[in-house]
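Descriptive structure summary
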Amino acid sequence: MAPARLAVMAAACAVLVACGGEALTLPPLEPLSPLACTSTGATVRMQLYGDSTQAGTAAGRGLRGRTPAIWLQADMDALFGAGAVVVEDRAVPSTTARQLLDGTDGENGPWPTSVDADIAVVNHGINDAGHGATTDEYKARLEALLVAPARVVLETPNPTKGFDMEPYAKAMREVAAARGAPLADTFTYVAELPGGGTSYLSDWAHPTEDLYGHIVRHALVPTLTPLVREKRCK
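Residues numbered from 1 in each chain as written. Predicted model: local features only at pLDDT ≥ 70, side-chain atom pairs only at ≥ 80, totals over all residues. Heavy atoms only, no water.

Scanning the chain from terminus to terminus reveals nine helices and five strands. Start at the N end of the chain and walk to the C end: the helices and strands fall as α-β-α-α-β-α-β-α-α-β-α-β-α-α. Out of the 234 residues in the chain, the part that is buried amounts to 51%. For the chain, contacts bridging at least 24 residues in sequence account for 79% of all contacts bridging at least 6. For the chain, the computed accessible surface area is about 9,800 Å², with 56% contributed by carbon and sulfur atoms. (Helix = DSSP H or I, 4+ residues; strand = E, 2+ residues; numbered from the N terminus. Buried < 20%, exposed > 50% of the residue type's maximum accessible area, 1.4 Å probe, protein only. Contact = heavy atoms within 4.5 Å. Areas by Shrake-Rupley, 256 points an atom, 1.4 Å probe, with all protein chains shown as cover.)

The following block contains the structure:
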């Protein structure tokens, strides 16, 4: 996030009760049971793209701990067996969908040259909004990201305490519906938690470690499981 925008976020948090104190915690996730699946023998590869909320940043711990990629790998192992699905984290903190397209995020080449997977999950939006992208500009970026040698899954950004991400989540839903792309609606899952979900954030934007796990379980896994079954199960 740009320094100027971060200053605005800090000022906004100063007047929001939810920005102070400890974040609320969610109950531990129940273990998943293996799915009935006659294996094709195929290994399904997934890559996760996005900003710090995809990389797993949380206030006070940086990238240590269980990130979305780690949570997702554990759930895929439980559902399909170890080694059936391989999850790779390609997310880069403080980046936008525009940078992912242009290959200027510091890790990935111009889109889609770094895509080497069956399924690519894209979670960008918070920094696009923070850098002033209009929803129309954002939609154009998402449409360009759908062109890839993989099944692209769009993941809506989570709510934040500093500014309203709902228009960007709505824009992503519209792109997914118009283009027939799979959608993991993280925004809706988090927003429907008590208090609009922001009390479960570790700071103004980043989920806590346990919220990352619940996002994976309740938003990503239901969307990704059918896509994995198409390739993994007869």
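Let us now look at the environment of Ser52. With respect to the secondary-structure elements, Ser52 resides in helix α2 (residues 52-55). Using a relative accessible area of 10% as the deciding quantity, one classes Ser52 as buried. Separated by 72 residues in the primary sequence, Ser52 and His124 have C-alpha atoms spaced 9.2 Å apart. Once you skip the residues sitting within four places of it in the chain, Ser52 turns out to touch Thr57, Val92, Pro93, Ser94, His206 and Tyr212.

On to the sheet that holds strand β3 (residues 119-123). The strand order β2-β1-β3-β4-β5 describes an open sheet built from five strands, whose pairing is parallel. At either end of the open sheet lies a strand with only one pairing partner, and these are β2 (85-89) and β5 (183-184). Sheet topology note: the strand β1 (residues 44-50)/β3 ladder contains five bridges and is parallel. Bridge pairing links Tyr49 to Val122 in β3. Running at roughly 170 degrees to strand β4 (residues 151-155), helix α9 (residues 209-232) makes contact with β1, β2, β3, β4 and β5 of the sheet. (Pairing = 2+ DSSP bridges. Axes fitted to C-alpha atoms, helices over the stretch in contact; angles between N-to-C directions.)

Between helix α3 (residues 68-80) and α9, the least distance of the axes is 9 Å, while the angle of their chain directions is 45 degrees. In terms of orientation, α3 and α9 fall into the oblique class. Crossing angle aside, the handedness with which α3 passes α9 is right-handed. Packed against α3, whose contacting residues are Pro68, Trp71, Leu72, Asp75, Met76, Leu79 and Phe80, the element α9 presents Glu209, Asp210, Tyr212, Gly213, Val216, Arg217, Val221, Leu224, Thr225, Val228, Arg229 and Arg232 at the interface. Looking at side-chain class alone, the contact of α3 with α9 contains 11 nonpolar, two polar and six charged residues. (Parallel < 35°, antiparallel > 145°, perpendicular 65-115°, else oblique. Left-handed = near helix turned anticlockwise from the far one by under 90°. Nonpolar A, V, L, I, M, F, W, Y, C, P; charged D, E, K, R; others polar.)

What follows deals with the packing of aromatic side chains. Under the definition given, this model contains three aromatic pairs. For the ring pair Tyr49 and Trp111, a centre distance of 5.1 Å and an interplane angle of 80 degrees mean the geometry is edge-to-face. With Tyr49 in strand β1 and Trp111 in the loop between α4 (97-102) and β3, this pair connects stretches of sequence that are 62 residues apart. Taken individually, Tyr49 and Trp111 each receive the classification buried, so the pair is uniform in this respect. Each ring, one from Tyr138 and one from Tyr168, has its centre 5.5 Å from the other, and the planes form 70 degrees; the classification is edge-to-face. Placement of Tyr138 in helix α6 (residues 135-145) and of Tyr168 in helix α7 (residues 166-179) is noted, with a sequence separation of 30 residues between them. (Phe/Tyr/Trp six-rings, centres within 6.5 Å; stacked < 30°, edge-to-face > 60°.)

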